[in-house]
There are 2 protein chains.
Amino acid sequence: MRLVVVGTGLMGGSFALAARAHGLFEEVLGVEPDPERRREALALALVDAMVDEVPEAADAVLLAGPSHTIAPWVSRLRDHSGIVFDTGSLKAAVLDAVRDRTQRVPARFVACHPLTGSERSGPQAADAGLFRDAQVIVTPTAETDAQALARVSDWWRAVGARVVTMEPERHDRVLAVTSHLPHLVAFAYLQQVTDEHLAHAAGGFRDFTRIGEADADVWVPIFELNRDALLAALGDLEADLTHMRRLLEQGDTAGLHALLAAAAARRRRFGTPRRVADDG
Amino acid sequence: MRLVVVGTGLMGGSFALAARAHGLFEEVLGVEPDPERRREALALALVDAMVDEVPEAADAVLLAGPSHTIAPWVSRLRDHSGIVFDTGSLKAAVLDAVRDRTQRVPARFVACHPLTGSERSGPQAADAGLFRDAQVIVTPTAETDAQALARVSDWWRAVGARVVTMEPERHDRVLAVTSHLPHLVAFAYLQQVTDEHLAHAAGGFRDFTRIGEADADVWVPIFELNRDALLAALGDLEADLTHMRRLLEQGDTAGLHALLAAAAARRRRFGTPRRVADDG
């Protein structure tokens, strides 16, 4: 069994390590356009060797580069005999882009999104335990080959993840709220933060802004590919901020109290996930 | 040495435990208006006994209730022989409120703000190690007695904190950005979050919204007392969100990239504080 990982950073490198640790593949090859990352991934033994192109003799190809690279790779590999799957943060947007390029989505492409990650990126952030107890959303379509879907799901379970099936459009709308909007807000908020602020910031600031350290190369494509759903979620937030501004300006203590209590009640329903990890 | 703690929740209860553990006071009395919290604080032995009023025979009085209760207590204790200090999240706003009530700020009142806490509250959240490695901002004025300031600073250092002196107005402006605005945003953001979102939320969501579980009884008074500085910081955020919306709508990839990279660079300057704790 041979796996090819395209993009040997946090997600691809972690799957390579985990897949090998669990005996899923005998050989793992890497495709990595960035020379620095290529060197690091080899030095860390995330892959056995680097190749310039995905070889035809491969049982599985994991696409783990930034979101805007997924659709071009799926199109390029449309006649490949192996199972192609990905770790991208967008599903409907990517499937639509594939359809735009090749009319149909290849049957052996299984779209996946592991809800795990880190504000860190690159081969050095790779972690064999990254997928343990993480939720992996798979978004099969009518075109998806059932056997390919079953095998990919088995691989995710083998590295410790829970597999959840979801409609691709719903995935992109839900993630716009749970992940993309918080990232956008953290990036926007940090624009007004100065060194004087940093000198007197504590744990609330630390946690609220942790995702603000995330990689621009990863996040700009996510924002652009999910623009409409993200702008809708941003619109809802702007309306809620305007509402809070009015309550404050009007001195509506009871209104503020009700709003804060509702927020806390909602947050308490979330509980604590089983593992400290980021969505992306 | 006798300490009286007014408000035996997270901050007051933690100082009571820490002060006793470090032998700063022989006796600790509590004043707690809430009957449920009174029972809990006694059951947890945060204080030796509860009293209805602050007795004249007390060397120190710690005011650890919600922010809007601090100024009334300072005024009430203006002729008390002990040193009065507090843990409130606002300094200039409280000093102004005291001046409105009693013309002058009592010389033996030392305004303090420990930048530590938790999204949890109440006596059960009390923790003898809460102030270890935390920054405590003290905001003395021209009226403050030097000996009272020195003693209060020594107490904070004895429980493990670093003491930083700051001008009260500057404190309230800085904290509006570092603490009050992130809380406001987390509360606003949670308004649009449904159970469907919670089912697919991960680590980014968890950290971004942790402070959204904070106590409305604590936070509504903070927002109201620091309204002007908070609305100014909110205005800056709204402008940055509008700017990001425009970049997205215009497809300005380079502009988005520069903004995200600036945010990440700012966040990296923060580093990791020595202890996991909240500002409030």
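As a reminder, the structure under discussion sits directly above these lines.
Residues numbered from 1 in each chain as written. Chains lettered and ligands numbered in written order. Predicted model: local features only at pLDDT ≥ 70, side-chain atom pairs only at ≥ 80, totals over all residues. Heavy atoms only, no water.

Colleague: Mind showing me how you'd approach the interface of chain B and chain A here?
Modeller: Often the size quoted for an interface is simply the accessible area lost on bringing the parts together. In this complex, chain B contributes 85 residues to the contact, which on the side of chain A involves 85 residues. Taking both partners together, chain B and chain A bury about 8,300 Å²; carbon and sulfur atoms supply 63% of that area. Interface area lost by chain B to chain A is led by H200, L248 and R267 of chain B, which between them contribute 9%. The tally of links from chain B across to chain A stands at 10 salt bridges. For the salt bridge of D207 of chain A with R210 of chain B, the shortest nitrogen-to-oxygen distance reads 2.6 Å. Here chain B and chain A share 44 residue pairs in polar contact (both at pLDDT 80 or more) between them. Elements with a contribution of two residues or more to the side of chain B that touches chain A: β8 (135-138), α6 (168-190), α7 (195-199), α8 (203-209), α9 (216-225), α10 (227-249) and α11 (253-270) of chain B. A breakdown of the residues in the side of chain B that touches chain A according to their chemical character gives 47 nonpolar, 15 polar and 23 charged. (Contact = heavy atoms within 4.5 Å. Buried area = accessible area lost by both parts, 1.4 Å probe. Salt bridge = Lys/Arg side-chain N within 4 Å of Asp/Glu carboxyl O. Polar contact = N/O pair within 3.5 Å; in protein donor to acceptor, adjacent residues only side chain to side chain. Helix = DSSP H or I, 4+ residues; strand = E, 2+ residues; numbered from the N terminus. Nonpolar A, V, L, I, M, F, W, Y, C, P; charged D, E, K, R; others polar.)

Colleague: Is there a simple way to explain the sheet that holds strand β9 (residues 162-165) of chain B in this structure?
Modeller: Backbone hydrogen bonds are what pair the strands of a sheet, in a parallel or an antiparallel way. All names here are of chain B. Pairing is mixed across the open sheet formed by 3 strands, whose spatial order is β7-β8-β9. The outermost strands of the open sheet, each flanked by one partner alone, are β7 (112-114) and β9. Strand-to-strand twist of the sheet, defined as the mean angle between neighbouring strand axes without regard to direction, takes the value 25°. Both β8 and β9 contribute to a ladder of 4 bridges, which runs parallel. From the neighbouring strand, I137 faces β9, where its bridge partner is V164. (Pairing = 2+ DSSP bridges. Axes fitted to C-alpha atoms, helices over the stretch in contact; angles between N-to-C directions.)

Colleague: Sorry if this is basic, but what is going on with the packing of aromatic side chains here?
Modeller: Evaluation of the coordinates by the stated rule reveals 25 aromatic pairs over all chains. Taking the centre distance of 5.1 Å and the plane angle of 65° together, the rings of F15 of chain B and W156 of chain B count as edge-to-face. Here W156 of chain B lies in helix α5 (residues 146-158) and F15 of chain B lies in helix α1 (residues 10-21), a separation of 141 residues in the sequence. Side by side, F15 of chain B and W156 of chain B carry an identical accessibility label, which is buried. Ring-pair connections join several aromatic residues into one group, and the members of that group are Y189, F205, F208 and F270 of chain A together with Y189, F205, F208 and F270 of chain B. Across the ring face of W73 of chain A, the terminal group of R76 of chain A is positioned such that the distance to the ring centre comes to 4.3 Å. (Phe/Tyr/Trp six-rings, centres within 6.5 Å; stacked < 30°, edge-to-face > 60°. Buried < 20%, exposed > 50% of the residue type's maximum accessible area, 1.4 Å probe, protein only. Lys NZ or Arg CZ within 6 Å of the ring centre and 35° of its normal.)

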